[in-house]
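Chain by chain, the residues run as shown.
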Amino acid sequence: MKEIFQQTKIFWDNYWGKSLVMWLLVFSILYLLIFRRHKKSTKYLIPYTAVVLILFFCPISAKFIQKCIGKTVYWRVLWLLPAIPVIAAAMTEFMKERKNKGIQFGLVLLAIAAIAYSGRGIYAAGNYKLVNNYQQVPDEVAAICEMVKKDAGDSEFLLAADNYIGPYVRVYDPSICMMFNREGRGNAGAGARRLYLEINAPVFNYTNIGAVGKRILCNYLVVKIPNEQQKKELENQGYQEVGTAGNYSLYRLGVSADAVRSPLLDRWEWGVK
Amino acid sequence: MDMVMKGVLALVWLAVVPAAAGILFTGKRQLKFAEIFLHGYLLLFAMMEILVLPMILLKMPLHVLTAVYGSLAAGFAVAGLLLWKKKNRNKNLRKKMERPSIYFWMAVVVILLQVLMCAAMAHMDADDCFYVAAATTDVHTDSIFAVDPYTGCEYRILPRRYVLSPFPVFLAVVSQLSGGLHPAIMAHMIFPVIFLPMAYMVQYCLGEKWFSGEKKAKDIYLLLAACICSFSGYSVYNAGNFQMVRIWQGKAVLASVLLPYLICLCISMLLEKQRKNSWTALLLANISCCLLSSMGIILAPIMTGCFLAVSLVMRKDWKRVGKGLLCCLPSFVLGIAYILIG
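Residues numbered from 1 in each chain as written. Chains lettered and ligands numbered in written order. Predicted model: local features only at pLDDT ≥ 70, side-chain atom pairs only at ≥ 80, totals over all residues.

In terms of regular secondary structure, chain B is built from 14 helices and 0 strands. N-terminal to C-terminal, the α/β element order of chain B is α-α-α-α-α-α-α-α-α-α-α-α-α-α. The globule rule puts the C-alpha radius of gyration for 342 residues at 20 Å, and the 20 Å found for chain B is close to it. Expressed as lengths along the three principal axes of its C-alpha atoms, the size of chain B is roughly 55 × 50 × 50 Å. The 342 residues of chain B split such that 60% are buried. (Helix = DSSP H or I, 4+ residues; strand = E, 2+ residues; numbered from the N terminus. Rg over C-alpha atoms; globule rule 2.2 N^0.38 Å. Buried ≥ 20, exposed ≤ 12 C-beta atoms within 10 Å, placed from the backbone.)

Pasting the structure below:
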């Protein structure tokens, strides 16, 4: 029980990060309870908030819910907490009755400043960037997908890429079949798993990448641009450079996409039109 | 088809059709546009969930689902428009509009900036390798959850975590209905234009509850709600962050639109003296949460349950509680299925 409670506390802390939004919520609840006891927002929101908090922190209910949704995502129960309505309602209650328009406007600006100070700007957190494709995937992914489709023509092939490129390949072009995807998901056995680990290793060993890729007959490899020595290591394994995009190079096994054919392409039904 | 034409079609299916379908919920009461729009989505999401589950099991192709969903949605929209015409036949539609306060326009500017940022700029989220790739894969293979979006090979067993909450199929279907617009473009550029304002329509409805008849207070509330979301970059877990960076994923729509709207509905149905909505809306909201995410299957009945507990203490009305429980029935059934197969 103690362990569950401690875990729950960690989820709670992570949910609010280092922000002061949690305190904004606490002060809002107190304000509504003390000064606006008979308002609808207080009567309806605060009891519900209390029930959600009891449910979240109570080890018995936490254990039950964790069994249903999984331990690692238990923090999502906090989505039930009406943080935005409570904070916004309390602040509005405080400001709405000011008769002087100027003072009211100043208070609204102050409230916005308090929100900004308590939280963190979504743009400042580095969430967005500009890309040059409508699908809004990394530009390297778009370029690699175009390159590989042009090179392979109508041939069936398999492609392997690291955790930066891999997740977006089939978002951009679902006709490309992958050896594995993000974090090795969907991998077809030990060989593919090994290639995933090699291609995502902290220090790349291009001989190993090439050797494993060749062994499991992976037609295309997307790797961080190698230096001359590393290029030779890949070429020694039979991979030829097709082109580059940003920090990445596309390598093909053999002289064309159908020079080799993985048995995986025959063993399974592939969703290729 | 021209990109602009596809965009217009997308807006028809994602804005006009839900708004028209939502009119069917108006009944005798005069609903606000936000409520009509949100109710329209409840109807369409619930219909999608009900259509998709059997079609996955029957391994039916995507084009059949697209045709059935398109026909039904268009049917509801036409029925809604006919109802609207009938109700407003003898009414003067030129109502005197309340003049919005400066706070309303400030809120509109903040929301528009958010929409612009989300639609025009890219947020890289590796979860897209399932949520968006499942839609691109379904469109490419004309199948529903038959092909693994991670690799492109056929599923040997269905993905247990996702099969009961097929929101990517909704993305695939509306992409097809929009002249074959690429699902990634639909998700990253069109969905934010629809779902972000929807999140604020919910806040508007909540503001209406707290500050009924107080125009300026409602506008301040909306502005502050928008600002809180703009400054939700403090953790990657909170609902505001999900709303702002990955609104195209089902769980983000759940956290920022459907769960807050469920709060609104639960207050209407379970806590307020005079019920202002129909039980059907609460039922559809619970089913819609199931479509969006497997979390919705569990979280929607938990939320409804919390309100039922409060209602029992506050109103002591067992009839309401019984009806509320009945509205959670689809979630219970899917929840048991989720736990059993998970």
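Our next topic: the overall build of chain A. Along its length, chain A carries 12 helices and 5 strands. A compact globule built from 273 residues should have a C-alpha radius of gyration of about 19 Å, whereas chain A, at 27 Å, is more than 25% larger. Projected onto the principal axes, the alpha-carbon positions of chain A cover approximately 80 × 50 × 40 Å. Within chain A, counting contacts between residues at least 6 apart in sequence, those at least 24 apart form 58% of the total. (Contact = placed C-beta atoms within 7 Å.)

As a further point, take the packing of helix H1 (residues 3-22) of chain B against helix H2 (residues 33-57) of chain B. Residue and element names in this part refer to chain B. The interhelical angle for the contact between H1 and H2, taken along N-to-C directions, is 95 degrees, at an axis separation of 7 Å. Regarding the angle of H1 to H2, the classification is roughly perpendicular. Residues Pro18, Ala19, Ala21 and Gly22 of H1 lie in contact with H2, whose contacting residues are Ile36, Phe37, His39, Gly40, Tyr41, Leu43 and Leu44. Across the contact of H1 with H2, the residue classes tally to 8 nonpolar, 3 polar and no charged. (Axes fitted to C-alpha atoms, helices over the stretch in contact; angles between N-to-C directions. Parallel < 35°, antiparallel > 145°, perpendicular 65-115°, else oblique. Nonpolar A, V, L, I, M, F, W, Y, C, P; charged D, E, K, R; others polar.)

We now examine the interface of chain A and chain B. Contacts between chain A and chain B engage 72 residues on the former and 69 residues on the latter. Only helix H1 (2-16), helix H3 (40-57), helix H4 (59-69), helix H5 (83-96), helix H6 (101-118), helix H8 (166-172) and strand S2 (177-178) of chain A provide two or more residues apiece to the side of chain A that touches chain B. Top element by residues in the side of chain A that touches chain B is H5(A). It accounts for 9 residues. A per-class count over the side of chain A that touches chain B returns 47 nonpolar, 14 polar and 11 charged.

Below, the discussion takes up the sheet that holds strand S3 (residues 220-224) of chain A. Residues and elements named next belong to chain A. Read across the open sheet, the 5 strands follow the order S2-S1-S3-S5-S4; overall the sheet is mixed. Of all strands in the sheet, those bounded by a partner on one side alone are S2 and strand S4 (239-245). Sheet topology places S3 next to strand S5 (residues 248-253); 5 bridges connect them, and they run antiparallel. Looking at S5, one finds that Leu221 is bridged to Tyr251. Its contacts with the sheet put helix H10 (residues 206-215) on strand S1 (158-160), S3, S4 and S5, and the angle it makes with S3 is roughly 165 degrees. (Pairing = 2+ DSSP bridges.)

For the rest of this paragraph, the subject is the environment of A:Met22. Mapping A:Met22 onto the fold places it in helix H2 (residues 21-35). Sequence separation between A:Met22 and A:Lys224 is 202 residues, and the spatial gap between their C-alpha atoms is 42 Å.

Of all hydrophobic cores here, the largest spans 218 residues; its most connected members are A:Leu159, B:Leu224 and B:Leu262. With 19 residues, the top contributor of residues to this core is helix H7 (residues 183-210) of chain B. Three or more residues apiece are contributed to this core by two domains, here domain 1 (2-118) and domain 2 (139-267) of chain A. (Core = buried A, V, L, I, M, F, W, Y, C linked by C-beta atoms within 7 Å. Domains from an automatic or database assignment.)

Time to look at the confidence of the model for chain B. Low pLDDT means the predicted coordinates in that region are not meant to be read closely. When pLDDT is averaged across chain B, the result is 93; 97% of the residues are at 70 or more. Reported for the predicted complex are a pTM of 0.94 and an ipTM of 0.94. (pLDDT = per-residue confidence, 0-100.)

In an α-helix there are 3.6 residues to a turn, and that puts residues three or four apart on one side. Residue and element names in this part refer to chain A. Along helix H9 (residues 190-199), the residues classified as buried are Ala192, Leu195, Tyr196, Glu198 and Ile199. Buried residues of H9, seen end-on, are gathered within an arc of 165 degrees and therefore sit on one face of the element. Every exposed residue of H9 that faces more than 90 degrees away from the buried side is listed here: Ala190 and Leu197. Where H9 is buried, its residues meet S1, H10 and S3. (Arc of directions from axis to C-beta.)

Moving on, we come to the domain arrangement of chain A. Here chain A is described as being made up of domain 1 (2-118) and domain 2 (139-267). For domain 1 of chain A versus domain 2 of chain A, the separation of C-alpha centres amounts to 47 Å.

Okay, the pairing of S5(A) next. Residue and element names in this part refer to chain A. Extensive coverage of S5 is indicated by the burial of 6 of its 6 residues. Taking every second residue as pointing to the same face, both faces of S5 are buried, with Tyr248, Leu250 and Arg252 on one and Ser249, Tyr251 and Leu253 on the other. Where S4 meets S5, 6 bridges bridge the pair, whose relative direction is antiparallel. Across the sheet, the residue bridging to Ala245 is Tyr248, located in S5. Remark: 2 residues form the turn of the hairpin made by S4 and S5, two consecutive strands paired antiparallel; Gly246 in that turn has positive phi of roughly 60 degrees.

As for its position among the elements, B:Lys216 is in helix H8 (residues 215-230). Its 18 C-beta neighbours within 10 Å are what place B:Lys216 among the partly exposed residues. Between the C-alpha atoms of B:Lys216 and B:Ile102, which are 114 residues apart in sequence, the distance is 8.6 Å. When neighbours within four sequence positions are excluded, B:Lys216 is seen to be in contact with A:Lys96, B:Ser101 and B:Tyr103.

Its location among the elements puts B:Val173 in helix H6 (residues 167-177). Counting along the chain gives 38 residues from B:Val173 to B:Ala135, while the straight-line C-alpha distance between them is 8.3 Å.

Further remarks concern unusual backbone geometry. A positive phi angle is found at A:Leu217, which is not glycine, with a value near 55 degrees. Of note in the backbone geometry, B:Lys316 takes a positive phi value of approximately 50 degrees without being a glycine. Tracing the chain through its elements places B:Lys316 in the loop between helix H12 (294-314) and helix H13 (318-327). On the neighbour-count criterion, B:Lys316 (9 C-beta atoms within 10 Å) is exposed.

All names here are of chain B. Contact pair helix H11 (residues 279-292) / H12: the axes reach a minimum separation of 7 Å and the direction vectors enclose 150 degrees. Relative to H12, the element H11 lies roughly antiparallel. Where H11 abuts H12, its residues Asn286, Cys289, Cys290 and Leu292 lie against Gly296, Ile297, Leu299, Ala300, Pro301 and Thr304. Class assignment of the residues belonging to the contact of H11 with H12 gives a composition of 7 nonpolar, 3 polar and no charged.

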